[in-house]
Amino acid sequence: MLHEALPAKLIAIVYDEIQSTDFNVLYGYYNGWGTGELDSQQELEMIQNYADEMAVALREFDQTQGIEQDLDFYKEALKYTFSTELKLLPIYETGEDEYYKLYYSSKKCN
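About the thresholds
- Residues numbered from 1 in each chain as written.
- Predicted model: local features only at pLDDT ≥ 70, side-chain atom pairs only at ≥ 80, totals over all residues.
- Heavy atoms only, no water.
- Helix = DSSP H or I, 4+ residues; strand = E, 2+ residues; numbered from the N terminus.
- Buried < 20%, exposed > 50% of the residue type's maximum accessible area, 1.4 Å probe, protein only.
- Contact = heavy atoms within 4.5 Å.
- Areas by Shrake-Rupley, 256 points an atom, 1.4 Å probe, with all protein chains shown as cover.
- Core = buried A, V, L, I, M, F, W, Y, C linked by side-chain atoms within 4.5 Å.
- Phe/Tyr/Trp six-rings, centres within 6.5 Å; stacked < 30°, edge-to-face > 60°.
- Salt bridge = Lys/Arg side-chain N within 4 Å of Asp/Glu carboxyl O.

Undergrad: Help me understand the overall build of the protein chain in this model?
TA: Within the protein chain, the regular secondary structure consists of 6 helices and 0 strands. Ordered by position from N to C terminus, the α and β elements of the protein chain give α-α-α-α-α-α. Split into buried and exposed, the 110 residues of the protein chain put 33% on the buried side. The long-range fraction of contacts in the protein chain, counting pairs at least 24 apart against all pairs at least 6 apart in sequence, stands at 47%. Carbon together with sulfur atoms contributes 52% to the accessible area of the protein chain, which is approximately 7,300 Å² in total.

As structure tokens, this is what we get:
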């Protein structure tokens, strides 16, 4: 849910900056962000600017489920996730164990 909410926040920031909701104008703005790909740019923005907040939120959710991990565990899992999705960064292999432990956790969201 966090992963999907952040692109909405990033788009809202763009609306504020360029004062337009026109898709062509928005796309042109994003297209100038280095990668030229909206999804990739948003993923890059999330890992660079929001990884800590996402890690805290994941940890807090897990704590409500009786799961205790240190904050670095979630940061490592996020770095691995974003590096595999982006394909712009080298794979952050050191977070692979944390990612799969988190992914295959016995606790499930209801």
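Undergrad: Looking at this structure, I do not really get the nonpolar core. What am I missing?
TA: For soluble globular proteins, nonpolar side chains are generally found buried alongside one another. Listed in full, the 12 residues of the largest apolar core are Leu44, Met46, Ile47, Ala51, Met54, Ala55, Ile67, Phe73, Tyr74, Leu78, Phe82 and Leu86. Secondary-structure elements contributing two or more residues to this core are α3 (38–49), α4 (51–64) and α5 (71–86). Top element by residues in this core is α5. It accounts for 5 residues. Discounting residues that sit within four places of it in the chain, alanine 51 has contacts with Met46 and Leu78.

Undergrad: What exactly am I supposed to notice about the packing of aromatic side chains here?
TA: Pairs of aromatic rings are described using the distance from one ring centre to the other and the angle between the two planes. In the structure shown here, the tally under the stated rule is 7 aromatic pairs. Centroid distance tyrosine 100 to tyrosine 104: 6.1 Å. Interplanar angle 15 degrees. Geometry classified as stacked. With a relative accessible area of 35%, tyrosine 100 lands in the partly exposed category. With 4.8 Å between their ring centres and 85 degrees between their planes, tyrosine 103 and tyrosine 104 make a pair best called edge-to-face. Judged by its relative accessible area of 58%, tyrosine 104 is exposed.

Undergrad: Just to check I follow, could you spell out the environment of leucine 58 for this structure?
TA: Along the chain, leucine 58 falls in helix α4. In this structure the C-alpha to C-alpha distance between leucine 58 and lysine 75, which are 17 residues apart in sequence, comes to 9.5 Å.

Undergrad: I'm lost on the pattern of salt bridges in this one. Help?
TA: For side chains bearing opposite charge, pairing can occur when the charged atoms are close. Going through the model one piece at a time under the given rule, you end up with 2 salt bridges. Aspartate 52 is the salt-bridge partner of lysine 75, the closest N and O atoms lying 3.6 Å from each other. Taken together, the residues span a long stretch of sequence, with lysine 75 in helix α5 and aspartate 52 in helix α4 at a distance of 23 residues. A relative accessible area of 22% places lysine 75 in the partly exposed class. Between lysine 79 and glutamate 76 there is a salt bridge, with its nearest N and O atoms 4.0 Å apart. Here the residue lysine 79 and the residue glutamate 76 both occupy positions in helix α5, the gap between them amounting to 3 residues, near one helical turn. Residue class for glutamate 76 comes out buried when judged on its relative accessible area of 18%.

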